[in-house]
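Structure at a glance
Chain by chain, the residues:
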Amino acid sequence: MLKTGRYTLFCLGVLLLVTAMVSVSSGETKDPSEPIKSLNFQVAEVRSVIRFLADYGQVNVVVAPAVAGNVTIALSDVTWQEALEIIGRTYDLAIVYEEAGYIRILPAADYRKEMTENQKFMSEKNNLVSLDTRIIKINNSTSESIVDAVKSLLSDRGNATADPRTNSIVLQEIPENIDRVIEYITKLDQPPRQIRISAQLLEISSSSLTELGVDWTLNGADGPTVADADGNMVPETQHTTDQALDYLGSNAAGSFWIKTVHDSWDLQAKISALVQDGGGKILAHPEITTIDNSEARIQMGQKVPIKQFDASGNTVITFEEVGTLLRVTPHITSDNKVLMHLIPERSTYEFDQAGVIINTSNAETNVVVENGQTAVIGGLTTQDEIENHVGLPILKDIPILGYLFSYTKKQVINRDLVIFVTPTIVDDFAVVGDENP
């Protein structure tokens, strides 16, 4: 009686499987890429279902002996591959797509055990294999700047050492991984993009600033532009110095402001006209070329001796740099604009009973400009006090009595140091892709 019941159940399962296969084959196309509109199995033997999906998808499938049991599914509008993945996740089976082009199916627990044993085997193998040694010549950078990034890709036994004398990296690695590391080094050792930083330092009387256009009363396409919070260049409206300061996030004490000039604004012509009229003078016009993301320093000033005492009480003289300092770190963006990290600084000194006092004001900010566009740094103001002896001609020059016919006139003249910074991309190297090595 028991055998008869098992036989009846087996026949019923086969009948349901055949019914599902006939249903699919009669109403569906034979193209394996087409989804199956209706896929129904009730208590069907899992190996038979897998075989059916393999035939439909026209793929080679190897099923491990441990795969057994029945499945019940009701799916619609699924591809054979989706159905196979669903069965694997539902019944704890690993669906492994081998490089040879076939599919291997086994219990998920067996697959995890297999992977653990393979990793253990590879680790033991790597500990026994001889290391391969290569010397990689660095052509466009320094070996010290690359070697730290390389170490993150090495195996446990691998090692990378920088040789500054030959600007090379001595690489020791297992043969299986060494080609991958060398490819990574090659991608890092790309010709750096270069930026020429052109600066003009002008000393201008405050009354002449408006002649230069520093008050920025222009609007529209032909006027100056500023960088908004997202780094986009937008036309600037009528800002006061304090408003511009807040807008660009410059020095909190209000010593500096930074703006940008539109390409069509003839800056050089305005500077030349101002200098010819005596409203200002060009202090320096330095140019320096640096590579992308590297700081450039432009300094004009002098070194002031400062007396100090060491631990033994001996007098030690050190020299402090006083004057105007501009530090620029440019970065070329993906759309060939230039992001400049600007740190302007101006310092003066005066003598005191205790020694020398150095007064310093500085700021730090970022500004985005087009290639060849100019950023303007202002607000570096100094005051000159001038005394003039005025009075009646001849009489004012008489000894003693001349004081009755003359007086001393004191005048304070404000002078602003304005710095124009123009970055220009000077190379045509292609930007390295972001492919992972």
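To start, this report covers the structure provided alongside it. Everything numeric in this text was worked out from a predicted model, so none of it was measured.

Turning to helix α5 (residues 143-151), its buried residues are S143, I146, V147 and V150. Each buried residue of α5 sits inside an arc of 110° when the element is viewed along its axis, so together they form one side.

What follows deals with the sheet that holds strand β2 (residues 61-63). Taken together, three strands build an open sheet; the order of strands is β2-β5-β4 and the sheet is mixed. Edge positions in the sheet fall to β2 and β4 (93-97), since each has one partner strand and no second. The mean angle between the axes of side-by-side strands here comes to 20°, regardless of whether they run parallel or antiparallel. Two elements, β4 and strand β5 (residues 103-107), share five bridges in a ladder whose sense is antiparallel. Of the residues in β5, the one forming a bridge with L93 is P107. Strand contacts of helix α2 (residues 46-57): β2, β4 and β5, with the helix running at about 170° to β2, the strand carrying the most contacts. Set on the sheet, helix α3 (residues 80-90) makes contact with β4 and β5; between it and β4 the angle comes to about 140°.

Taken in spatial order, the three strands line up as β6-β8-β7 in an open sheet, and their pairing is antiparallel. Where the open sheet ends on each side, the last strands, each with one partner, are β6 (132-137) and β7 (159-163). Pairwise comparison of adjacent strand axes, ignoring direction, gives a mean angle of 15° for this sheet. Docked against the sheet, α5 engages β7 and β8 (168-173), running at close to 175° with respect to β7.

Turning our attention to the packing of aromatic side chains. Counted according to the given criterion, the structure contains one aromatic pair. Between the aromatic rings of F41 and F52, the centroid separation amounts to 5.8 Å while the plane-to-plane angle is 70°, which identifies the pairing as edge-to-face. Placement of F41 in strand β1 (residues 39-45) and of F52 in helix α2 is noted, with a sequence separation of 11 residues between them. Overall, the relative accessible area of 8% leaves F52 in the buried class.

Definitions and limits used
Residues numbered from 1 in each chain as written. Predicted model: local features only at pLDDT ≥ 70, side-chain atom pairs only at ≥ 80, totals over all residues. Heavy atoms only, no water. Buried < 20%, exposed > 50% of the residue type's maximum accessible area, 1.4 Å probe, protein only. Helix = DSSP H or I, 4+ residues; strand = E, 2+ residues; numbered from the N terminus. Arc of directions from axis to C-beta. Pairing = 2+ DSSP bridges. Axes fitted to C-alpha atoms, helices over the stretch in contact; angles between N-to-C directions. Contact = heavy atoms within 4.5 Å. Phe/Tyr/Trp six-rings, centres within 6.5 Å; stacked < 30°, edge-to-face > 60°.

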